[in-house]
Amino acid sequence: MTSLLQDPARVESLNVLSRFRTDFHGCLTTRADALFELTDALSCADGAVTSLVDLTLTPEHRRGHGALYDGLNSGRVDEERLRTVLAGLPLPRCADGRIILAVDVSPWLRSDAPTSAERLFCHVYGRAKSKSELVPGWPYSFVAALESGRTSWTAILDVVRLGPADDATAVTANQLRRVVAALTKAGHWGEGDPDIVVVMDAGYDATRLAFVLADLPVEILGRIRSDRVMLHPRPPRLPGTNGRPPKHGPAFALDRPETWSAPTHATVTETTRYGTARADGWDRMHPRLTHRTSWLDHDGELPVVEGTLVRLRVDRLPGDRDPKPVWLWSSKTGGTAIDVDRHWRSYLRRFDLEHTFRLFKQTLGWTRPRIRTPQAADRWTWLVVACHTHLRLARSLAADLRRPWEKPAEPGRLTPARVRRGFRNIRPNLAQPAGAPKPGKPGPGRPPGSRNLRPAPRYDVGKTVKRERTLTAHHDRTG
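Values in this document were obtained by computation on a predicted structure and should not be read as measured data. (Residues numbered from 1 in each chain as written. Predicted model: local features only at pLDDT ≥ 70, side-chain atom pairs only at ≥ 80, totals over all residues. Heavy atoms only, no water.)

Undergrad: Explain the overall build of the chain to me, using residue names and the numbers behind them.
TA: A count of helices and strands for the chain gives twelve helices and 14 strands. Relative to its length of 479 residues, the chain is compact, with a C-alpha radius of gyration of 25 Å against a globular reference of 23 Å. By its C-alpha atoms, the chain is 90 × 60 × 45 Å across when sized along the principal axes. For the chain, with 479 residues in total, the buried portion stands at 48%. Taking contacts inside the chain between residues at least 6 apart in sequence as the whole, the part at least 24 apart equals 68%. For the chain, the accessible area works out to roughly 24900 Å², and carbon and sulfur atoms hold 51% of it. Side-chain charges of the chain comprise 73 positive and 53 negative groups, with the mean position of each set lying 5 Å from the other. (Helix = DSSP H or I, 4+ residues; strand = E, 2+ residues; numbered from the N terminus. Rg over C-alpha atoms; globule rule 2.2 N^0.38 Å. Buried < 20%, exposed > 50% of the residue type's maximum accessible area, 1.4 Å probe, protein only. Contact = heavy atoms within 4.5 Å. Areas by Shrake-Rupley, 256 points an atom, 1.4 Å probe, with all protein chains shown as cover. Lys, Arg positive; Asp, Glu negative; His and termini not counted. Charge placed at Lys NZ, Arg CZ, Asp CG, Glu CD.)

Shown next as structure tokens:
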């Protein structure tokens with residue numbers, strides 16, 4: 001490690017990583033040492049994590065398996081403080097210095113856990129193409145900062161579990177508001193900087209989020225379904241015209257080309273992965289809003305939320321030689337052709353978050369533990385996020401301990417799984433805030449032959465608060 005300590009850039013990376021470890025230990029308010037060593041064991045374990053108890057066999061975990069489960073069941077994590085710590089770390093940016101955030105939901109499926117509370121029906125894809133299923137589990141909403149270029153690295157900034165009484169759009173809006181406030185306070189965004197881009201998939205109500213977050217310096221960019229109908233802006237009123245002025249312009253059906261108008265901007269870009277990418281943009285396009293779903297409680301006249309509609313076409317996709325066009329909607333209006341090209345490039349970076357979910361589930365074992373309570377699941381989720389942050393900050397410090405069948409990686413281009421292989425060699429040079437374990441002995445346990453006289457309660461799956469789908473049903477609701 002002599003060369004590592006002589007390089008100023010690596011010394012600074014060591015200092016940042018050590019400060020994060022100290023701050024993270026301070027965020028663990030109860031059972032701090034047990035939870036911290038569990039995170040270290042997760043960061044240094046060899047191979048994929050298949051069970052929690054196997055982590056107690058790593059040299060970095062000096063406590064017994066009882067302390068591990070006691071930490072998850074009875075420990076405490078100061079989530080607000082940890083969010084502030086994550087927002088204060090070095091943040092990835094795109095090529096022009098703009099911050100790009102991605103929001104997405106990943107489920108922790110628990111179909112075989114009837115004694116676990118607050119489970120919801122999670123949407124997952126089945127084996128067949130375009131087939132989906134609903135499986136009970138705990139859905140978690142993540143917010144991450146994205147990098148530019150093809151990479152599997154993201155910076156997780158926030159995670160929230162969606163409960164039975166939560167509205168997904170409201171939870172996402174609160175998450176983004178909290179993250180933007182933390183980034184502003186940490187100095188990552190200031191007056192005069194470009195707006196923060198928030199990318200999302202078609203499952204989100206981008207129009208609603210753009211309206212709710214209109215007071216923040218954010219630009220909402222989301223994918224929309226190909227059967228949607230958008231509207232042009234209201235045409236100018238001619239002199240001498242009688243009657244009520246129209247609120248919307250002509251319809252623009254995405255699946256009916258005869259309703260399309262000439263695009264405001266059009267770009268053609270040659271790419272190595274997708275071939276020729278053609279993007280058409282229409283300015284000041286908006287959907288027709290109604291008093292349904294998330295707009296059911298809106299008071300007064302429904303607003304007109306305008307944005308830029310983008311149609312992206314590529315020659316090929318990996319495994320698909322006849323790709324369908326992708327429709328995007330951005331809350332930014334009055335953009336140029338450069339903005340249209342930036343929209344679809346920013347959206348493609350959203351898929352980097354899928355690599356992070358795959359790492360969480362297949363390598364770090366996020367969904368492997370059979371934890372009963374949702375509170376313990378939240379603590380384990382934050383430990384997995386802290387482990388991923390460890391690996392991200394150690395990205396420039398790890399050596400390439402590649403397998404014989406793997407290709408060599410360029411310096412600074414290691415994947416999170418390959419950084420994890422070398423984290424055990426970096427850990428001795430980092431801060432070690434956890435104290436030594438105290439000697440003890442296991443408890444007596446349940447007497448032999450005794451039976452459990454208090455069976456665990458069972459819980460139903462699904463929402464506890466039903467939202468009316470029509471305004472009439474909303475007004476007729478009692479209580």
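Undergrad: Would you mind going over unusual backbone geometry in detail, with residue names and values included?
TA: The phi dihedral of Glu118 falls on the positive side, at around 60°, and the residue is not glycine. Positive phi is not limited to glycine here, since Arg284 has a value of about 60°. Of note, Arg284 is situated in strand 12 (residues 275-287).

Undergrad: Before we move on, could you go through the pairing of strand 7 (residues 196-200) and cite the residues and values that matter?
TA: For strand 7, the tally of buried residues reaches five of five residues, placing the bulk of the element in the interior. Where burial is concerned, the two faces of strand 7 agree: the one with Ile196, Val198 and Met200 and the one with Val197 and Val199 are both buried. Note: strand 3 (residues 100-109) against strand 7, three bridges, orientation parallel. Bridging across to strand 7, Leu101 finds its partner in Val198. Two elements, strand 7 and strand 8 (residues 218-224), share five bridges in a ladder whose sense is parallel. Counted as the bridge partner of Val198 is Ile220 from strand 8. Regarding the hand of the β-α-β motif, the stretch spanning strand 7, helix 7 (residues 206-212) and strand 8 is right-handed. (Pairing = 2+ DSSP bridges. Right-handed = clockwise from strand over helix to strand, strands pointing away.)

Undergrad: Can you explain the packing of aromatic side chains? Please cite residues and give values.
TA: Within a pair of aromatic rings, the relevant descriptors are the distance that separates the centres and the angle that separates the planes. Going through the model one piece at a time under the given rule, you end up with 17 aromatic pairs. Clustering of aromatic rings is evident, with ring pairs tying together Trp108, Trp138, Tyr140, Phe142, Phe357, Phe360 and Trp366. Sitting over the face of the ring of Trp295, Arg208 holds its NZ or CZ atom 4.6 Å from the ring centroid. For the cation-ring pair, Arg350 lies above Phe351, with the distance from its terminal atom to the ring centre recorded as 4.7 Å. (Phe/Tyr/Trp six-rings, centres within 6.5 Å; stacked < 30°, edge-to-face > 60°. Lys NZ or Arg CZ within 6 Å of the ring centre and 35° of its normal.)

Undergrad: Can you tell me about empty space enclosed by the protein, naming the residues and giving the values?
TA: Counted under the stated rule, the structure contains one cavity of 30 Å³ or more. In this structure, the largest cavity spans a volume of roughly 50 Å³. Contributing to the lining of the largest cavity are Thr264, His265, Gly281, Trp282, Asp283, Thr308, Gly335, Thr336, Asp339, Val340 and His343. Only strand 12 and helix 8 (337-348) provide two or more residues apiece to the lining of the largest cavity. Classifying every residue of the lining of the largest cavity gives two nonpolar, seven polar and two charged. (1 Å grid on protein atoms, 1.4 Å probe; cavity = no way out; pocket = protein on both sides within 12 Å on 5 of 7 lines; lining within 4 Å. Points joined across faces, edges and corners; volume = space filled by probe spheres on them. Nonpolar A, V, L, I, M, F, W, Y, C, P; charged D, E, K, R; others polar.)

Undergrad: Lay out the pattern of salt bridges with the relevant residues and their values.
TA: This structure, assessed with the given rule, holds 34 salt bridges. The salt bridge involving Arg178 is made with Asp158; its shortest N-O contact spans 2.9 Å. Separated by 20 residues along the polypeptide, Arg178 in helix 6 (residues 168-185) and Asp158 in strand 6 (residues 154-161) bring together distant segments of the chain. A residue is classified by how much of its surface remains accessible, and Asp158, at 0% relative accessible area, is buried. (Salt bridge = Lys/Arg side-chain N within 4 Å of Asp/Glu carboxyl O.)

Undergrad: Tell me about the environment of Leu14, residues and numbers included.
TA: Following the sequence through the fold, Leu14 ends up in helix 2 (residues 8-27). A relative accessible area of 5% places Leu14 in the buried class. Separated by 230 residues in sequence, Leu14 and Arg244 have C-alpha atoms that sit 67 Å apart.

Undergrad: Please set out the nonpolar core residue by residue, giving values where relevant.
TA: Core analysis: the biggest nonpolar cluster contains 79 residues, and Leu55, Leu72, Phe142 and Trp380 have the highest contact counts within it. The greatest single-element share of this core, amounting to eleven residues, is contributed by helix 10 (residues 374-393). Judged by nonpolar contacts, the second largest core, of 39 residues, contains Ala145, Ile220, Met230 and Trp327. (Core = buried A, V, L, I, M, F, W, Y, C linked by side-chain atoms within 4.5 Å.)

Undergrad: Talk me through helix 3 (residues 32-44); I want residue IDs and the actual numbers.
TA: Helix length check: helix 3 (13 residues) gives 18 Å between terminal C-alpha atoms against 18 Å at 1.5 Å per residue, within 8%. Counted residue by residue, helix 3 has twelve buried out of 13 residues, so it is predominantly covered. If you check which residues of helix 3 are buried, you get Ala32, Ala34, Leu35, Phe36, Glu37, Leu38, Thr39, Asp40, Ala41, Leu42, Ser43 and Cys44. The elements touched by buried residues of helix 3 are helix 2, strand 1 (28-30), helix 4 (65-74), strand 2 (76-77), helix 10 and helix 11 (416-426). (Expected span 1.5 Å × (residues − 1).)

Undergrad: Could you give an account of the layout of surface pockets, naming the residues involved and the relevant values?
TA: Of the voids in this model, the second largest pocket is the one considered here, and its volume is about 240 Å³. The wall of the second largest pocket is formed by 18 residues, among which Asp195, Val218, Glu219, Ser331 and Lys332 lie closest to the centre. Elements with a minimum of two residues in the lining of the second largest pocket: helix 7 and strand 8.

Undergrad: Break down the pairing of strand 3 for me, with residues and values.
TA: Taken across its ten residues, strand 3 has eight buried, putting it largely inside the fold. Looking at chain direction, strand 3 and strand 5 (residues 132-146) are connected through nine bridges and run antiparallel. Residue pairing in the sheet places Ala102 in a bridge with Ala144 of strand 5.

Undergrad: A description of the packing of helix 5 (residues 79-87) against helix 10 should follow, citing residues and the corresponding values.
TA: Two numbers describe how helix 5 lies on helix 10: the axes approach to 12 Å, and their chain directions differ by 15°. By the angle between their axes, helix 5 is roughly parallel relative to helix 10. For helix 5 against helix 10, the interelement crossing comes out left-handed. Residue-level inspection shows Glu79, Leu82, Arg83 and Leu86 of helix 5 in contact with helix 10, the latter providing Asp378, Trp382, Val385 and Thr389. Looking at side-chain class alone, the contact of helix 5 with helix 10 contains four nonpolar, one polar and three charged residues. (Axes fitted to C-alpha atoms, helices over the stretch in contact; angles between N-to-C directions. Parallel < 35°, antiparallel > 145°, perpendicular 65-115°, else oblique. Left-handed = near helix turned anticlockwise from the far one by under 90°.)

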